[in-house]
There are 2 protein chains.
Amino acid sequence: MSYARFTDLMAGINDILCTVNLLAWDTRTQMPPGGADSRGHQVATLTALARAQATGSAMADAIAAAEDACAHLPATDLRRRALARARREIAILSRIPAALIAESAELTSRAHGAWTAARAANDFAAYAPVLERVFALQREMAEAIGYQDHPYDALVGRFEPGMTRARLTALFADLRGALRPLLAQALAAPAPRTDFLSRGYPVPAQKAFAATMAAALGYDFSRGRVDDTAHPFEISFTRNDVRITGRFRESSPSAGFFALWHEAGHAMYEQNIAPDFTRGIFATDLVNLYAVGGSSFGMHESQSRLWENRVGRSRRFWELHYGRLRDAFPEQLADVSAEDFWRAVNRPEPGLIRVEADELTYDFHVFLRAEIEAALIGGDIAVRDLPAIWNDRMREDLGVTVPNDAQGVLQDVHWSHGYVGSFPTYTFGNIMAAQLFDRARQDPAIAAGLQAGDYAPLGRWLTGTVHRHGRSLDPDEILLAATGRGLDPAPYVATLAAKVAELA
Amino acid sequence: MSYARFTDLMAGINDILCTVNLLAWDTRTQMPPGGADSRGHQVATLTALARAQATGSAMADAIAAAEDACAHLPATDLRRRALARARREIAILSRIPAALIAESAELTSRAHGAWTAARAANDFAAYAPVLERVFALQREMAEAIGYQDHPYDALVGRFEPGMTRARLTALFADLRGALRPLLAQALAAPAPRTDFLSRGYPVPAQKAFAATMAAALGYDFSRGRVDDTAHPFEISFTRNDVRITGRFRESSPSAGFFALWHEAGHAMYEQNIAPDFTRGIFATDLVNLYAVGGSSFGMHESQSRLWENRVGRSRRFWELHYGRLRDAFPEQLADVSAEDFWRAVNRPEPGLIRVEADELTYDFHVFLRAEIEAALIGGDIAVRDLPAIWNDRMREDLGVTVPNDAQGVLQDVHWSHGYVGSFPTYTFGNIMAAQLFDRARQDPAIAAGLQAGDYAPLGRWLTGTVHRHGRSLDPDEILLAATGRGLDPAPYVATLAAKVAELA
């Protein structure tokens, strides 16, 4: 009975946070322009309600009573894990003052406008004071949350449990060292044909192909739907309703496919969380007040990257499915082979923009952002120095010259939204995806499925290994159980090396 | 300061209830089928939160403190009216036991399935026990709310403040007496051409015409949008986001137009509530826990009916706009004049189905339902007798023979949703629409606008007279201020008589 009281309260909080997700989805896909102000009130009210319920005395009493009732169970029992997680997350949430959350929310709404204007005007100086305030508040956030070594630990730990600045600095240094020669090697190879990618591909047929393949990968449309947005995303309101969005352009077919399969990868994670976990603590992030079923931001990204890059950009995938694409675009692809297409969508090309980066250059964009974040939070650099730091590093790492700040330090929305500490999780996701995929394809049924275009065996393995656990396991626990190792970049480096060789 | 505390709490409740409206809109327009169970939890949790906030001690304390702070103001001051309304509505809400609300909600979800199955199988006996339980709970509801003369007063009063069974019985008897000879007279006239209504009219062009005209009537698309549903409806999330839905069929163009303009009429009410009232008590129904800005269900219906019937079905409207319709369907309408079209969409035709009824027969469907509701609540008749009562009355009033209960007593969803006492508001709306329109067109600028197809003067008058007041005035106050009389069927009868004469 005591434990049921705790789960009832958690279910109610999850209902509120799922509804906040619906408000967010609607804002980005359906809402008429006039609705923005009212929507802001609705999100603020519901988020405050969720926080009040999580940090209130009814929840504290329920947790204490449930802990007593469960004290006789082994510490590994799921009920004890649920209680421990709730207590830990609520403790962190309680340490963040409501006034700080309110000021951050107010600043975020102001910062977004300032960022948009500054990027349009290519005027970093106009944005710098706002960005200084963002980082000042994030330093306060870090102090409120608490940390052992470095304030950045508190921030990155909100998105990736157990991660610290020291750990990611070492990890990223290793990875950078391994990626540089691979990139040089890839760029030395002859460039593939890409001329046909910019031919006109009518959007409806692109969408139909992308959606058919998303369903083939395992996305369940009876518990989901696809809409159009400028920036594709995935969002869920329990495992029973997990929606994705895509962006398709006539002149760029492959970008739309991979973006949709990326979001479908996120969505399959949410759709396959254990039914008992949905609406519970294992599908609720009480630190960030977010209804989400993934173990961490990095683990979530691993699922999107796995389907996008390990499956969707594989040679076999296009050997199997290119015929269907050519049937949809017989004129545009008349002179293009499956091999041509696969090579084109894997072309390495150092560029300015993170979201357009290929697999070999993507992580360099992350390294730069993580270093800047940690140094700003640590007080080692000043906001005014960012353009110079940014441009130097882009030249050094990728050999590209940044022509203006709009295509440089002003390109990402994250900081203006108060997201400091989330960039590294993109690279964690790349690493985890390779670790998991490497292990999975050792299973003969999975390997045979990938060979035949039957993705159900891989999906079942991911569900059993990752998805069903929701937030009941930390990322390191999932990786250890699946691969015998914690976060380990070696399979990722080996995977990229093999791809470079395959493309040579 | 004390008053601000009250309005802050009200704004928070409105935020929750607007979000419940979004959950409802999404359920009916966007949600994938798998999402239903989770959605039910989300609606139940948010509704319970709104109820808890409305009936909790913080609100009671805030109202008491604000009443003290406002005691020196005249009783007509809006702040005192807001406090009085909140106190009155919360008192009613508090008298409805939470257990009764929960049992009603549970029954509603069961009853909807039972109703759907019974209607499909034409099996009233299978539905009767559920309907008996619905009415038993509604009797409990009436006792909890309280009443002076008849339990039905408590139920109809939830939707139409100040209305009672005695008042509506007398009103409906008068109206029935006036409508019967008009209907007989109309049916004696030669039938108009309607052959062309069943030609194929492609839906996209129908939608474009209907939406263009909805905008011309005054629906603001920058604070709204149109979607498709089997049953058209309007719903709002503050005045800044008011959405409508339509249903268009190739074989029946006019039904889709009038349904959309009907919903646009509801929507203009919500869009034009005073900005200060949105998010407040004057845009929140605390008895029904519903974010809505209208004075009553009847007054809301008056706005939909006014634009649908008084404007949209007028001869002048089609003289002005038929050319645009014929441009959209040049082949289908080649042999059809504006006069033909206007006559066809005003054809009186006694039928079985309320939602398909014309202006002269619609109210008879309402009379029947209101009598049955009141008699069931009063214990004067039994559920098992409904088919016989229904069929007798349909024969007597409209001269039609009901071939089966699916097209008779089982046709409406309302009772299975626990809506008992709402049917009469449809007729109140018809009456009020005629009262208001009669008064409005005495204004030369409004009359000139209607003549020229400029609907802004009428819209401005309705905004000033009805819309902007939200729930700050009761329907009788609005009618009295606008027309010098309370609810009065005479203008409605005169309007219909004039139309019968015009069509003769």
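A. A look at the overall build of chain A. Helix and strand counts for chain A stand at 20 helices and three strands. Taken over the C-alpha trace, chain A has a radius of gyration of 23 Å; the compact-globule value for 504 residues is 23 Å, and the two agree within 12%. On the principal axes, the C-alpha backbone points of chain A span a range of 70 × 55 × 45 Å. Across the 504 residues in chain A, those meeting the buried criterion constitute 46%. Excluding contacts between residues fewer than 6 apart, the proportion of contacts in chain A whose partners are at least 24 apart in sequence is 73%.

B. Layout of the packing of helix α5 (residues 98-121) of chain A against helix α6 (residues 124-145) of chain A. Residues and elements named next belong to chain A. The interhelical angle for the contact between α5 and α6, taken along N-to-C directions, is 155°, at an axis separation of 9 Å. Judged by the inter-axis angle, α5 sits roughly antiparallel to α6. Every pair of crossing elements has a handedness; the one defined by α5 and α6 is left-handed. Each of Leu100, Glu103, Ser104, Leu107, Arg110, Ala111, Ala114, Trp115, Ala118 and Ala121 in α5 lies in contact with α6, whose residues at this interface are Phe124, Ala126, Tyr127, Val130, Arg133, Val134, Leu137, Glu140, Met141 and Ala144. For the contact of α5 with α6, the residue count by class is 15 nonpolar, one polar and four charged.

C. Up close: the pairing of strand β3 (residues 242-246) of chain A. Residues and elements named next belong to chain A. Of all the five residues making up β3, five are buried; the element is thus mostly covered by neighbouring parts of the structure. The sheet contact formed by strand β1 (residues 226-228) and β3 spans three bridges and is parallel. Bridge pairing in β3 links aspartate 228 to glycine 246. Where strand β2 (residues 234-236) and β3 come together, three bridges link them in antiparallel fashion. Bridged to isoleucine 235 within β3 is arginine 243. The loop that links β2 with its antiparallel partner β3 comprises five residues; one of these, threonine 238, has a positive phi angle of about 75°.

D. The arrangement of the sheet that holds β2(A) in detail. All names here are of chain A. A sheet is described by the order of its strands in space; here three strands give the open sequence β1-β3-β2, paired in mixed fashion. Each end of this open sheet is capped by a strand with a single partner; those strands are β1 and β2. Taken over all neighbouring pairs, the strand axes of this sheet differ in orientation by 25° on average, direction set aside.

E. Structural context of the relation of the copies chain A and chain B. At an RMSD of 0.0 Å, chain A and chain B line up after a rotation of 180° and a shift of 0.0 Å along the axis. Here the copies are linked by what is in effect a two-fold axis. Every residue of chain A has its C-alpha some distance from the rotation axis, and the shortest such distance is that of Thr19(A), at 3.8 Å. A share of 100% of the interface residues of chain A reappears at the interface of chain B, consistent with the copies meeting face to face through the same patch.

F. Structural view of unusual backbone geometry. Even without being a glycine, Arg279(A) presents a positive backbone phi close to 70°. With respect to the secondary-structure elements, Arg279(A) resides in the loop between α10 (253-271) and α11 (297-311). Although it is not a glycine, Asn122(B) sits at a positive phi angle of roughly 50°. Given 14 C-beta atoms within 10 Å, Asn122(B) falls into the partly exposed group.

G. Summary view of the interface of chain A and chain B. The interface is formed by 31 residues belonging to chain A together with 31 residues belonging to chain B. For the side of chain A that touches chain B, the secondary structure elements donating two or more residues are α1 (2-29) and α2 (36-55) of chain A. By residue number, the principal contributor to the side of chain A that touches chain B is α1(A), which donates eight residues. Its residues assigned to classes, the side of chain A that touches chain B comprises eleven nonpolar, 13 polar and seven charged.

H. Broad picture of helix α6 (residues 124-145) of chain B. Residue and element names in this part refer to chain B. Taking 1.5 Å as the rise per residue, α6 with 22 residues should run 32 Å; its terminal C-alpha atoms sit 30 Å apart, in good agreement. Its axis deflected by about 25° at valine 130, α6 carries its strongest bend there. Those residues of α6 that sit buried are Phe124, Tyr127, Val130, Leu131, Val134, Phe135, Gln138, Met141 and Ala142. Looking at the buried residues of α6, the elements they touch are α5 (98-121), α7 (151-159), α14 (359-378) and α15 (386-398).

I. Seen up close, the nonpolar core. Counting 97 residues, the largest nonpolar core has Leu217(A), Trp261(A) and Ala264(A) as its most contacted members. Per element, the largest residue contribution to this core is ten residues, and it comes from helix α14 (residues 359-378) of chain A. Ignoring any residue separated from it by four or fewer positions in sequence, one finds Leu217(A) in contact with Trp261(A), Ala264(A), Trp307(A), Val311(A) and Tyr455(A). Residues Met141(B), Met213(B), Val409(B) and Tyr419(B) belong to the second largest nonpolar core, which totals 96 residues.

J. A look at the sheet that holds strand β1 (residues 226-228) of chain B. Residues and elements named next belong to chain B. Read across the open sheet, the three strands follow the order β1-β3-β2; overall the sheet is mixed. Only two strands of the sheet have a single partner each, and these edge strands are β1 and β2 (234-236). Looking at each pair of strands side by side, their axes are set apart by 25° on average, direction ignored.

K. Focus on the packing of helix α8 (residues 165-188) of chain A against helix α20 (residues 490-503) of chain A. Residues and elements named next belong to chain A. Between α8 and α20, the least distance of the axes is 10 Å, while the angle of their chain directions is 10°. With respect to α20, the axis of α8 lies roughly parallel. Taken together, the residues of α20 that come into contact with α8 (itself represented by Ala178, Leu182, Gln185 and Ala186) are Val493, Leu496, Ala497, Val500 and Leu503. Of the residues assigned to the contact of α8 with α20, the class counts are eight nonpolar, one polar and no charged.

L. Local environment of the environment of Leu187(A). When you line up the elements, Leu187(A) lands in helix α8. Note: C-alpha distance between Leu187(A) and Glu502(A) (315 residues apart in sequence) is 13 Å.

M. The arrangement of the confidence of the model for chain A in detail. When pLDDT is averaged along chain A, the result is 96; 100% of the residues meet or exceed 70. Interface confidence for the predicted complex, expressed as ipTM, amounts to 0.94; the pTM equals 0.95.

N. Inspection of the environment of Cys18(B) at higher detail. Positionally, Cys18(B) belongs in helix α1 (residues 2-29). Separated by 272 residues in sequence, Cys18(B) and Tyr290(B) place their C-alpha atoms 7.8 Å apart. Every residue in contact with Cys18(B), bar those within four places of it in the chain, is listed here: Ser38(A), Gln42(A), Phe237(B), Thr238(B) and Ala291(B).

O. Layout of helix α3 (residues 57-70) of chain A. With 14 residues, α3(A) extends 20 Å from end C-alpha to end C-alpha; this agrees with the ideal 20 Å at 1.5 Å per step. On its buried face, α3(A) is in contact with α1, α2 and α4 (78-95) of chain A.

P. How the structure looks around the environment of Trp115(A). All names here are of chain A. Relative to the helices and strands, tryptophan 115 is located in helix α5. Along the primary structure tryptophan 115 and leucine 480 are separated by 365 residues, whereas in three dimensions their C-alpha atoms are 41 Å apart. In this view, tryptophan 115 contacts Tyr127, Val413 and Ser416; residues no more than four positions away in its chain are not counted.

Rules of the game
Residues numbered from 1 in each chain as written. Chains lettered and ligands numbered in written order. Predicted model: local features only at pLDDT ≥ 70, side-chain atom pairs only at ≥ 80, totals over all residues. Helix = DSSP H or I, 4+ residues; strand = E, 2+ residues; numbered from the N terminus. Rg over C-alpha atoms; globule rule 2.2 N^0.38 Å. Buried ≥ 20, exposed ≤ 12 C-beta atoms within 10 Å, placed from the backbone. Contact = placed C-beta atoms within 7 Å. Axes fitted to C-alpha atoms, helices over the stretch in contact; angles between N-to-C directions. Parallel < 35°, antiparallel > 145°, perpendicular 65-115°, else oblique. Left-handed = near helix turned anticlockwise from the far one by under 90°. Nonpolar A, V, L, I, M, F, W, Y, C, P; charged D, E, K, R; others polar. Pairing = 2+ DSSP bridges. Least-squares fit on C-alpha atoms with pLDDT ≥ 70 in both. Expected span 1.5 Å × (residues − 1). Bend = angle between axes of the 7 residues up to and from the residue. Core = buried A, V, L, I, M, F, W, Y, C linked by C-beta atoms within 7 Å. pLDDT = per-residue confidence, 0-100.

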